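So the chains spell out like this:
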Amino acid sequence: MNVRQLGVHEELPLELLLEADPSEKLVRAYCADGYCFIAEWQETVIGVFVLVALDSDTVEIKNIALAEPERGKGFGKRLVGEALGEAKKLGFSAVEIGTGNSSLAQLPLYQKCGFRMKSIDRDFFTRHYKEPIIENGLECRDMVRLDCRL
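Residues numbered from 1 in each chain as written. Predicted model: local features only at pLDDT ≥ 70, side-chain atom pairs only at ≥ 80, totals over all residues. Heavy atoms only, no water.

> Explain the overall build of the protein chain here, please?
The secondary structure content of the protein chain amounts to five helices and nine strands. Mapped in sequence order, the helices and strands of the protein chain form the string β-α-α-β-β-β-α-β-α-β-α-β-β-β. Whereas a compact globule of 150 residues would reach a radius of gyration of roughly 15 Å, the protein chain reaches 15 Å, a difference of no more than 12%. Taking the principal axes of the C-alpha coordinates as reference, the protein chain spans close to 35 × 30 × 30 Å. Here the protein chain, with 150 residues, has 44% of them falling under the buried criterion. Put simply, of all contacts in the protein chain between residues at least 6 apart along the chain, 64% involve residues at least 24 apart. Put simply, the protein chain shows about 8,600 Å² of open surface, and 49% of that area lies on carbon and sulfur atoms. (Helix = DSSP H or I, 4+ residues; strand = E, 2+ residues; numbered from the N terminus. Rg over C-alpha atoms; globule rule 2.2 N^0.38 Å. Buried < 20%, exposed > 50% of the residue type's maximum accessible area, 1.4 Å probe, protein only. Contact = heavy atoms within 4.5 Å. Areas by Shrake-Rupley, 256 points an atom, 1.4 Å probe, with all protein chains shown as cover.)

What follows is the structure, given as structure tokens:
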């Protein structure tokens, strides 16, 4: 898997980004403010992550997504590791990530990658998204925030 920063004039991999965040408006806004990286495998984009600075020490993985056919092959863990490595190269000492209360696969993945629970932003998704988000048979309402020290 090869990971590289998306070029200024390259198109955003919107299909992948929208798998992790259904709001195209929000996705475009934070991609414009952050660093967008793509993961390629055999000349195909299979993953994406976006890093957005919160302050001079901390960056947030604002979006991270892996193409459906590549899930379950270890690429997700590698993608999170690449995001941590890029954050360190950019000079950050801490990384935060948020995920929904209904993201049953992501929570253990992030913890296996070194993240620890930080806080819960109750009703985050109901405040910021007009349409309900249903995942794993649960309504996604709360943002679970995790962090990792580099």
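> Mind showing me how you'd approach the pairing of strand β4 (residues 58-66) here?
Remember that side chains alternate between the two faces of the sheet whenever the strand is regular. Of all nine residues in β4, eight are buried, a share of seventy percent or more. Bridge analysis of strand β3 (residues 44-53) against β4 gives seven bridges, and the strand direction is antiparallel. Looking at the pairing, Ala 53 lines up with Val 59 of β4. Counting the residues in the hairpin turn of β3 and β4 gives four residues. After leaving β4, the chain enters helix α3 (residues 75-89) and then returns to the sheet as strand β5 (residues 94-100), a path that is right-handed. (Pairing = 2+ DSSP bridges. Right-handed = clockwise from strand over helix to strand, strands pointing away.)

> Sorry if this is basic, but what is going on with unusual backbone geometry here?
The phi angle of most residues is negative, glycine excepted, and most peptide bonds adopt the trans form. The phi dihedral of Glu 43 is positive, around 65°, even though this residue is not glycine. You can see Glu 43 is positioned in the loop between β2 (35-41) and β3. The phi angle at Asp 123 is positive, at roughly 65°, despite the residue not being glycine.

> Is there a simple way to explain the sheet that holds β5 in this structure?
Adjacent strands of a sheet form backbone hydrogen bonds with each other and so pair up, either parallel or antiparallel. Pairing within the open sheet is mixed, and its seven strands lie in the order β1-β2-β3-β4-β5-β9-β6. With partners counted over all chains shown, the strands left at the sheet margins are β1 (2-5) and β6 (116-121), one partner each. Neighbour-to-neighbour, the strand axes of this sheet turn through a mean angle of 30°, independent of strand direction. On the sheet, α3 packs against β1, β2, β3, β4, β5 and β9 (143-149) and is oriented at approximately 40° with respect to β3. (Axes fitted to C-alpha atoms, helices over the stretch in contact; angles between N-to-C directions.)

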